[in-house]
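Structural overview
Residue-level listing of the chains:
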Amino acid sequence: MKIFLTGYMGSGKSVVGEKLAKNLNYKYVDLDDQIEVIQGKSINDIFEDRGELYFRKLESQILDDILENNSDMVISLGGGTPCYGDNFDRICAQKDAKSIYLKASIPTLTERLFQEKVHRPVISHLDSRETLEEFIRKHLFERAYYYSQSDITVNVDEKEPEFIVDQIIEKL
Ligand SMILES: Nc1ncnc2c1ncn2[C@@H]1O[C@H](COP(=O)(O)OP(=O)(O)O)[C@@H](O)[C@H]1O
Ligand SMILES: O=C(O)C1=C[C@@H](OP(=O)(O)O)[C@@H](O)[C@H](O)C1
Ligand SMILES: [Mg+2]
């Protein structure tokens, strides 16, 4: 089975995904890490040198490779992956797969992303906590349309990653 983690930046897809894969003894793929390895560049540098559109094309191509692979695996998507092109339709069309939305509140996302925005080119220009929060509010409003079509939703606020893993396994 393939398990896709969806959700906004900072919702914990990478942290939870890795632990979930260990727990299930599944292969683990972080889509962003794959892109960085294949390109030999950080996500920031890809955005800066080639632009977001180029990044979105890579993201979609690597998703194709994952969809063609038949191993059991947990895949941490990027926050934008389900929201571009037909990526989410292709994920939904995959046999023996489940998508899981890690749902975090705006205050939780703002708190986490304010510490880590330098690694995320989509938000790195937002200087204050207030502008970041306002951006997240609008952006999440658009993107939640996609995330909420996932098979399973798990609320992640104030929960340890290990507890979230247990909840996912229970819901699966
Ligand atoms: N359940 C959690 N509780 C506390 N901190 C978390 C939790 N999940 C993720 N984090 C922290 O939030 C930040 C973003 O997590 P990450 O897994 O990179 O999110 P994503 O891949 O969805 O962008 C990291 O610093 C991570 O350690
Ligand atoms: O939401 C987005 O558009 C993005 C999310 C990032 O992944 P995380 O959600 O793991 O931070 C990464 O793919 C890139 O910076 C763009
Ligand atoms: Mg991530």
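Residues numbered from 1 in each chain as written. Chains lettered and ligands numbered in written order. Predicted model: local features only at pLDDT ≥ 70, side-chain atom pairs only at ≥ 80, totals over all residues. Heavy atoms only, no water.

As recorded by an unreviewed UniProt entry, the protein carries the name Shikimate kinase and is attributed to Salegentibacter agarivorans. Here is the UniProt Pathway (unreviewed entry) comment for the protein, exactly as written: "Metabolic intermediate biosynthesis; chorismate biosynthesis; chorismate from D-erythrose 4-phosphate and phosphoenolpyruvate: step 5/7." Regarding the protein, the relevant UniProt record gives this comment under Catalytic activity (unreviewed entry): "shikimate + ATP = 3-phosphoshikimate + ADP + H(+)". (UniProt positions renumbered as here; feature names shortened; annotations may be inferred.)

Turn by turn, an α-helix covers 3.6 residues, leaving residues three or four places apart pointing in a common direction. Compared with the 16 Å implied by 1.5 Å per residue over 12 residues, the 16 Å span of helix H1 (residues 13-24) between its first and last C-alpha is a close match. Three or more residues of H1 are buried, namely Lys 13, Val 16, Gly 17, Leu 20 and Ala 21. Taken down its axis, H1 places every buried residue within 135 degrees of arc, on the same side. Those residues of H1 hidden inside the fold are in contact with strand S1 (2-6), strand S2 (27-30), strand S3 (73-76), strand S4 (97-103) and helix H8 (161-171). Among the residues trailing H1, Asn 25 stands out with phi positive, at a value near 60 degrees. (Helix = DSSP H or I, 4+ residues; strand = E, 2+ residues; numbered from the N terminus. Expected span 1.5 Å × (residues − 1). Buried < 20%, exposed > 50% of the residue type's maximum accessible area, 1.4 Å probe, protein only. Arc of directions from axis to C-beta. Contact = heavy atoms within 4.5 Å.)

In the neighbourhood of ligand 1, 14 residues make up the surrounding shell, with Gly 10, Lys 13, Val 15, Glu 116 and Lys 159 lying closest. Here Ser 11 contributes a backbone N or O atom positioned 3.3 Å from an oxygen atom of ligand 1. Coverage of ligand 1 by the protein chains reaches 74% of its 560 Å² of free accessible surface. Counting residues per element, the ones that place at least two in the shell around ligand 1 are H1, helix H6 (106-116) and H8. (Near = heavy atom within 4 Å. Polar contact = N/O pair within 3.5 Å; in protein donor to acceptor, adjacent residues only side chain to side chain. Areas by Shrake-Rupley, 256 points an atom, 1.4 Å probe, with all protein chains shown as cover.)

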